[in-house]
Amino acid sequence: MPDLRWIVAEKWKGWKESALEYRCMIRPCVIMFAVYVIGISAILRANFNYRDDLMRGYHGIGGWDNYGRYISNILSCVIHGDTYLTDVSPLPQVLAALLLAAAAVIVWYIFSEDKRFNFGNLAALVPLGLSPYFLQCFSYKYDAPYMALSVLVSVAPLLFWKYGYWKFFCGAAIGSLAMCLTYQASSGIFPMLVAMICFIKWNCGDKIREILTFVLYSAGGYILGMAIFKIFLMPKADSYVSTSLPSFREIVPVVGGNLGRYFRYIETDFKIEWLELILLLCLGFVFVMVRDSVKRWYAALLMSILILFVMLVFSFGLYPIFSKPLFAPRAMYGFGIFLVLIGTAVSVAAKAYPAKASCIILAWCFFVFSFTYGNALREQQDYADFRIAAVINDLNSLDIMVDNSKKEMQLTGSIGHAPVVKNMSKHNRMIKRLVPTQFQARMRPEEWKFFHYYGFKKVKWNWYKKTDEDFRELNLPIVKDTMYHTIRGKDGRVLVELK
């Protein structure tokens, strides 16, 4: 029987060798962490309670189990130091930046043979955390670290490939399950990485059998983790997003329609200059792959274009197959991973200077945009606070509000975006999609602050539903009319019409 001390010594030796092997990742991780934190500094400074943050901050609850994100619920108690989740920002966003830095460096490590981190590699990894789509994830004070964790657990399993098939299989299964239990928008990241790795292996002349083995174990582990979640842990959702699938006859038109809508959002969200840079980056990727291929040039060309399309489809995860998918920016950050994979493949290649220049310029554009967006949040917050204060001051001066009777109140209309934010959105349409108005009727998070944060006395928030009484149909008399809003009221019913 082997000596226990010898076994422990051998294990320790193996762990030490592995640690030395990954030591080259420490410096790049610190650099990327610094880049991401600086990039989101304007968001942190804005101190903006983004949508669900208002409800979670008021009630101190997570509520992620509604969508099967049980790991998020558990870790939130650790991060917030209590089961009652107080606002501890910017800690969650800083932790998110650290997790994303680790994920970005793993991607670089997988594709880089040199293991020397340079400025081109840095630029290629910027879109992972600072793409306009993931900036919305950073905006959520409560959700940000779990969204980032879902990215990390999606890329980390690929480090296990060198340790054997079954360890990699188990890592892929655990990673895909952990992704589902944190944030499912990352569901396409692992397939994208696998597709890129397989293509590069093929392009370099690796044996088809080895590539198929890699695909088999990757797909098996990924599907196993997803199946465990689907069968045992996934709750049924049918609200603003639905987990139901279309019928067999409808699946092709539904998926095609959803993908088309995602592509249109990218077209309208991104500035034309960004799209041109992305096109140049894709062309540079194709050129590098064809130039460095051991295959015939036309085969390499065809496969390069095909892999771009495959990764682009996977960048939206599993959402396109749903009958009612999520089209919010936070569900589209896989497109940033798509750009990272292309940029990394170009940055580790020899020469290809035009493509590398495109990658660097695009990274700079995203880095600068993160400050624009953070400052837009601050401007919108100031404008919303001003409009809310104006409504409350006028309500406080009305006789119908100062008596002791109970009142029911509804909102209608919206304050829209602040004038400066409107001007910003004319030159960058992404701003309009990212910045919430903060004070708008029929949008539960955007009514929450008005009705819960100012201590209204004997006022019931009459949240409008289809089964509720709609005060707009009662023709209530006007009791206050200003350039910003109109207040109507009678018999304990108050309607605030925002202009």
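Everything that follows concerns the structure shown earlier in this document.
Residues numbered from 1 in each chain as written. Predicted model: local features only at pLDDT ≥ 70, side-chain atom pairs only at ≥ 80, totals over all residues. Heavy atoms only, no water.

### Digging into the side chain of Lys141
(1) Moving on: Mapped onto the fold, Lys141 is located in the loop between α8 (132-139) and α9 (144-155).
(2) Moving on: By relative accessible area, Lys141 is classed as buried at 3%.
(3) Moving on: Separated by 3.1 Å, the side chains of Lys141 and Asn49 make a polar contact.
(4) Moving on: Sequence-distant contacts of Lys141, defined by excluding residues within four places in its chain, comprise Asn47, Phe48, Asn49, Asp53, Asp87, Ser89, Pro92 and Gln93. (Helix = DSSP H or I, 4+ residues; strand = E, 2+ residues; numbered from the N terminus. Buried < 20%, exposed > 50% of the residue type's maximum accessible area, 1.4 Å probe, protein only. Polar contact = N/O pair within 3.5 Å; in protein donor to acceptor, adjacent residues only side chain to side chain. Contact = heavy atoms within 4.5 Å.)

### Considering unusual backbone geometry
(1) Moving on: Here the residue pair Ser89 and Pro90 is connected by a cis peptide bond, since its omega of 10° sits within 30 degrees of zero.
(2) Moving on: Tracing the sequence through the fold places Pro90 in the loop between α5 (70-80) and α6 (91-111).
(3) Moving on: A positive phi angle, near 75°, is found at Gln438, a position not held by glycine.
(4) Moving on: Looking at the secondary structure, you find Gln438 in the loop between α20 (430-434) and α21 (444-452).
(5) Moving on: Positioned with a positive phi, Lys458 is a non-glycine residue whose angle comes to about 55°.
(6) Moving on: With respect to the secondary-structure elements, Lys458 resides in the loop between α21 and β2 (459-461).
(7) Moving on: Of the residues examined, Lys458 reaches a relative accessible area of 44% and is grouped as partly exposed.

### Some thoughts on the environment of Met234
(1) Moving on: Here Met234 lies in the loop between α12 (208-233) and α13 (251-269).
(2) Moving on: With 129 residues separating them in the primary sequence, Met234 and Ala363 have C-alpha atoms 36 Å apart.
(3) Moving on: Those residues within four positions of Met234 in sequence are excluded, and the remaining contacts are Phe229 and Thr243.

### Comments concerning the pairing of strand β1 (residues 407-412)
(1) Moving on: Buried residues dominate β1, accounting for five of its six residues.
(2) Moving on: Pairing between β1 and strand β5 (residues 493-498): five bridges, direction parallel. Residue pairing across strands places Leu411 opposite Val496, the latter belonging to β5. (Pairing = 2+ DSSP bridges.)

### Observations regarding the sheet that holds β5
(1) Moving on: Spatially, the five strands line up as an open sheet ordered β2-β1-β5-β4-β3, and their pairing is mixed. With one partner strand each, in any of the chains shown, β2 and β3 (478-481) form the two edges of the open sheet. Pairwise comparison of adjacent strand axes, ignoring direction, gives a mean angle of 25° for this sheet.
(2) Moving on: Of the pairings in the sheet, the one linking β3 to strand β4 (residues 485-490) comprises three bridges and is antiparallel in character. Following the sheet pairing, Lys480 is matched in β4 by Ile487.
(3) Moving on: Lying on the sheet, helix α17 (residues 353-396) is in contact with β1, β3, β4 and β5; it crosses β4 at an angle near 35°. (Axes fitted to C-alpha atoms, helices over the stretch in contact; angles between N-to-C directions.)

### Observations regarding the packing of aromatic side chains
Two descriptors summarise a pair of aromatic rings, namely the distance from one centre to the other and the angle between the planes of the rings.
(1) Moving on: Enumeration according to the criterion identifies 46 aromatic pairs in this entry.
(2) Moving on: A centroid spacing of 4.6 Å and a plane angle of 45° characterise the contact between Tyr262 and Phe327, whose relative ring orientation is tilted. Separated by 65 residues along the polypeptide, Tyr262 in helix α13 and Phe327 in the loop between α15 (297-314) and α16 (334-347) bring together distant segments of the chain. Here Tyr262 matches Phe327 in class, with each residue buried.
(3) Moving on: An angle of 70° between the planes, with centres 5.6 Å apart, marks the rings of Phe270 and Phe335 as edge-to-face. Of the two residues, Phe270 is situated in the loop between α13 and α14 (272-291) and Phe335 in helix α16; the sequence distance between them amounts to 65 residues.
(4) Moving on: Among the aromatic residues, those joined into a cluster by ring pairs are Trp161, Tyr165, Trp166, Phe168, Phe169, Phe190, Phe214, Tyr217 and Tyr222.
(5) Moving on: One cation-aromatic arrangement involves Lys115 over Tyr109; the distance from NZ or CZ to the ring centre is 3.9 Å. (Phe/Tyr/Trp six-rings, centres within 6.5 Å; stacked < 30°, edge-to-face > 60°. Lys NZ or Arg CZ within 6 Å of the ring centre and 35° of its normal.)

### Points about empty space enclosed by the protein
(1) Moving on: Tallied over the entire structure, the rule returns one cavity of 30 Å³ or more.
(2) Moving on: Within this model, the largest cavity holds a volume of roughly 40 Å³.
(3) Moving on: In this structure, the largest cavity is lined by Val153, Ser154, Ala172, Gly175, Ser176, Met179, Ser186, Phe190 and Tyr222.
(4) Moving on: For the lining of the largest cavity, the secondary-structure elements that each account for two or more residues are α9 and α10 (165-180).
(5) Moving on: Element by element, the count of residues in the lining of the largest cavity is highest for α10, at four residues.
(6) Moving on: Looking at the lining of the largest cavity, its residues break down into five nonpolar, four polar and no charged. (1 Å grid on protein atoms, 1.4 Å probe; cavity = no way out; pocket = protein on both sides within 12 Å on 5 of 7 lines; lining within 4 Å. Points joined across faces, edges and corners; volume = space filled by probe spheres on them. Nonpolar A, V, L, I, M, F, W, Y, C, P; charged D, E, K, R; others polar.)

### Some remarks on the packing of helix α4 (residues 52-59) against α21
(1) Moving on: Look at α4 against α21: their axes get within 7 Å of each other, and the N-to-C directions meet at 40°. Comparing their axes, α21 and α4 come out oblique. Taken together, the residues of α21 that come into contact with α4 (itself represented by Asp52, Leu54, Met55, Tyr58 and His59) are Pro445, Trp448, Lys449 and His452.
(2) Moving on: Grouping the constituent residues of the contact of α4 with α21 by class yields five nonpolar, two polar and two charged. (Parallel < 35°, antiparallel > 145°, perpendicular 65-115°, else oblique.)

### With respect to the side chain of Ser76
(1) Moving on: Following the sequence through the fold, Ser76 ends up in helix α5.
(2) Moving on: By relative accessible area, Ser76 is classed as buried at 2%.
(3) Moving on: There is a polar contact of 2.6 Å between the side chain of Ser76 and the backbone oxygen of Asn73.
(4) Moving on: Each residue touching Ser76, except ones within four places of it in the same chain, is listed here: Trp64, Gly81, Asp82, Leu85 and Tyr146.

### Side note on the layout of surface pockets
To find the voids left in a structure, one rolls a probe of water-molecule size over its atoms.
(1) Moving on: Of the volumes computed, that of the second largest pocket is approximately 870 Å³.
(2) Moving on: Contributing to the lining of the second largest pocket are 29 residues, with Ile110, Phe111, Ser112, Glu113 and Ile200 lying nearest its centre.
(3) Moving on: Only α6, α11 (189-203), α14 and α16 provide two or more residues apiece to the lining of the second largest pocket.
(4) Moving on: In terms of residue class, the lining of the second largest pocket is built from 16 nonpolar, five polar and eight charged.

### Quick look at the packing of α16 against α17
(1) Moving on: Two numbers describe how α16 lies on α17: the axes approach to 9 Å, and their chain directions differ by 140°. What the angle tells us is that α16 and α17 run oblique. In the crossing of α16 with α17, the sense of the turn from one axis to the other is left-handed. Contact with α16, carried on its side by Leu339, Gly343, Val346 and Ser347, involves Ala355, Lys356, Cys359, Leu362 and Phe366 of α17 and no other residues of that element.
(2) Moving on: Class assignment of the residues belonging to the contact of α16 with α17 gives a composition of six nonpolar, two polar and one charged. (Left-handed = near helix turned anticlockwise from the far one by under 90°.)

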